[in-house]
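One-letter residues, chain by chain:
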Amino acid sequence: MSFMPPDFAPASSEIFMLIMVCVVMLADLTVGQNRRYVTYLLTQATLFGCAVLTFSSFSNEVVLTFSGMFVDDTLADTLKLMTYGTVSAVLIYSHTYIADRGMLRGEFFSLTLFATLGMMVMISASHFLTLYLGLEILSLSLYALVALRRDSVISTEAAMKFFVLGALASGFLLYGMSMIYGATGSLQVTEVAKAIQNGVNAKEVLVVGLVFIVAGISFKLSAAPFHMWAPDVYQGAPTAVTLFIGSAPKFAAFGFVMRLLIEGLEQMASDWQGMLVILAVMSMAIGNIAAIAQSNIKRMLAYSTISHMGFLLLGFISADANGYSSALFYVIAYVLMTLGTFAMIMLLCRNGFEAENISDFKGLSKRNAWYAFITLLLMFSLAGIPPMIGFYAKLAVLQAVVNAGFVWLAVVAVLFSLIGAFYYLRIIKFMYFDEPETNEPILLNNDVKILLNANGLAILVLGIFPQALMGISLYAIQNSM
Amino acid sequence: MIFQDIIFYTFSAILIASALGVITFRNPVYSALLLVLSFITCAGLWLLLEAEFLAIALVLVYVGAVMVLFLFVVMMLDINLDQLREGFWKWFPFGGLIALVMVGEISIVLMGKYFGLDEMPSPKPHAADYSNTKELGRLIYTEYVYAFELAAVLLLIAMVAAIALTLRHREDKKIVDPAKQVNVQKKDRLRIVSMPVEKKNS
């Protein structure tokens, strides 16, 4: 039997990434501890190179290669470009932090790049096998990154929990996938969709598989009631790693849901809609209410993530292009806000001091009025107060939900985000109305300064002019369906 | 068909008995050896399913490598078994209930109408010269090459992560660097001090 070699061109950025990870790893062995910046610059160059490759292959066509295991479409390219940008920003923000804490080792960069590769694979997967492998590549790198500060008991414990629960979630996912394979006879996403459209005898088997897949997905998204790992991991991981876990993988998770639930199982929308409604309501309730009780800011943000994931799921519930694009918009807005917020936390850290508590924000306006203002923008945005991007993101999702006929769900979502506003506004109160506990000046490198300002202003500007970003989201979704 | 049935039921019986033995024997070495037995009988069952390559890989990898390592570990560690078995009977009803539920669920799926023999008939047996290994190799390196490479990346990450998490450069270690040891010069270690001659106090 003859075999045609697959077309490698659509996967050029993945191949480049893999080669460069190996280069970074080897290069890091030759540079000493004092010249680690070489590794750092090489990592940034890798991300830039990938961005160039992805951008140059940007097209409206849907290209399948590697026997239908890999798909390159507008959605994949858009999500990948955003992932590179986010990872690059994460590295800029966390560079000083990890250097101060003795974690500036080659493995930090190689594992980050491996995680990025995993995200790229997930985003471009069109086969259950590659979806799963991408997820595992991402998760395995993240487990190791969380445990990187290995002498810290709390980090090790967080990594352990993350690993065990992550493995459980992967098991769920695999079990669900095997059920769907049993019912449809295919693992390829479009083939599965076709088989379901043509009618499957064993509808119950499909539904059982779907339940497990949704459970696995919500584990990975940290949606309640599968959220237990998030607070511990967010708190236990070094802040730089928390920033990474909280930001870029959300794009991959969005891509994962799109490929699996939308492209593969959209015919079963009536089945998963109900499940997502329950997950969304529980996430918003548990996330927003539990966050109020937290005094550790990383834990609080973990619960805030859970509630935001609930909102994100609302976007999928309407099961139409408008809903998906509003969900995509929500993810972008959420990642922008997370980047800024964790950057602010790291900015309050000094050598030998971890800003972990909400009270560390006390009197920030007196220490540095500008950064306090940026934090104000971030908190307003997270709470969903106009004219920030967070408001528009919530509005877009709610519109989609109302259009789909779930008015009560929109009302519930608004009520819970009202509760949520309390703990975001509390930080603002601490910053502006309390006396600072220290007068230590806030010192920043120029690159961090520029990025942080751009990040803060983007939240404001994109909130006032959301049309461009909304247009990109809609374009990416419509061209890929 | 009868012959195959006899083999199937014999192997299954041995498999179940040895699997039970793994969890009930007091001596961990017996448990490990019984696990080897259950792997081998399992490989036999796979041979019946015409999955020759998998069967041989199971024997080579699990029996040959993993279980031998396991035995080493079991023999080297001094495990206090009574401590491990504490509370076994206390938790037994709960664990047993979960096991029963799982058995029930699996049998609903497998014995029900969805995956029964009518729904999923057994495939036609292959010709005698059909090579399972060759087919597997062909598929892995052609159709599934992307997934195969990704699995390789996964192993690479596992290696990097394991080294990153366990390799420690301890401050207090007393190991001597051989390169430094070889390159040592006389002047590095020997200091010649000129001292004035002192008179003996007699």
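How each quantity is defined
Residues numbered from 1 in each chain as written. Chains lettered and ligands numbered in written order. Predicted model: local features only at pLDDT ≥ 70, side-chain atom pairs only at ≥ 80, totals over all residues. Heavy atoms only, no water. Axes fitted to C-alpha atoms, helices over the stretch in contact; angles between N-to-C directions. Helix = DSSP H or I, 4+ residues; strand = E, 2+ residues; numbered from the N terminus. Parallel < 35°, antiparallel > 145°, perpendicular 65-115°, else oblique. Contact = heavy atoms within 4.5 Å. Nonpolar A, V, L, I, M, F, W, Y, C, P; charged D, E, K, R; others polar. Left-handed = near helix turned anticlockwise from the far one by under 90°. Expected span 1.5 Å × (residues − 1). Buried < 20%, exposed > 50% of the residue type's maximum accessible area, 1.4 Å probe, protein only. Arc of directions from axis to C-beta. Buried area = accessible area lost by both parts, 1.4 Å probe. Salt bridge = Lys/Arg side-chain N within 4 Å of Asp/Glu carboxyl O. Polar contact = N/O pair within 3.5 Å; in protein donor to acceptor, adjacent residues only side chain to side chain.

Chemist: Explanation requested: the packing of helix α10 (residues 239-246) of chain A against helix α11 (residues 248-264) of chain A in the structure shown.
Modeler: Each pair of packed helices can be described by the angle between their axes along with the distance between the axes. Residue and element names in this part refer to chain A. For the pair α10 and α11, the least separation of the axes is 4 Å and the interaxial angle reads 25°. Between α10 and α11, the angle is such that the two are roughly parallel. Across from Phe244, Ile245 and Gly246 in α10, the residues of α11 making contact are Ala248, Pro249 and Lys250. Here the residues of the contact of α10 with α11 sort into four nonpolar, one polar and one charged.

Chemist: Looking at this structure, how should I read the packing of helix α12 (residues 269-292) of chain A against helix α13 (residues 297-317) of chain A?
Modeler: Residues and elements named next belong to chain A. For the pair α12 and α13, the least separation of the axes is 7 Å and the interaxial angle reads 155°. Considering the angle they form, α12 stands roughly antiparallel to α13. Considering the relative orientation of α12 and α13, their crossing is left-handed. A class-by-class count of the residues in the contact of α12 with α13 yields 17 nonpolar, six polar and no charged.

Chemist: Explain helix α1 (residues 12-30) of chain A here, please?
Modeler: Residues that lie three or four places apart on an α-helix share one face, since the helix turns once every 3.6 residues. All names here are of chain A. The end-to-end C-alpha separation of α1 is 27 Å, in line with the 27 Å expected for 19 residues at 1.5 Å each. For α1, the set of buried residues is Ser13, Glu14, Met17, Met20, Val21, Val24 and Asp28. Along the long axis of α1, the arc covered by the buried residues comes to 120°, so they all point the same way. Looking at α1, the residues exposed on the side facing more than 90 degrees away from the buried face are Leu26, Leu29 and Thr30.

Chemist: What's the story with the interface of chain B and chain A in this structure? I'm lost.
Modeler: Many structure descriptions define interface size as the accessible area lost when the parts assemble. Contacts between the two partners involve 26 residues from chain B and, on the opposite side, 36 residues from chain A. For the pair chain B and chain A, the summed buried area comes to about 2700 Å², and 78% of that belongs to carbon and sulfur atoms. At the surface where chain B touches chain A, the tally comes to zero salt bridges. At the surface where chain B touches chain A, the tally comes to four residue pairs in polar contact (both at pLDDT 80 or more). At 15 residues, helix α7 (residues 145-166) of chain B tops the list of elements feeding residues into the side of chain B that touches chain A.

Chemist: Help me understand the pattern of salt bridges, please; the structure alone is not making it clear to me.
Modeler: If the charged atoms of two oppositely charged side chains come close together, the side chains can form a pair. All names here are of chain A. Here the structure, examined in full by the defined rule, presents 17 salt bridges over all chains. Asp73 serves as the salt-bridge partner of Arg259, at 3.2 Å between the closest nitrogen and oxygen. Residue Arg259 is located in helix α11, and its partner Asp73 is located in the loop between β2 (70-72) and α3 (74-100); the two are separated by 186 residues in the primary sequence. Each member of the pair Arg259 and Asp73 is classed as buried.

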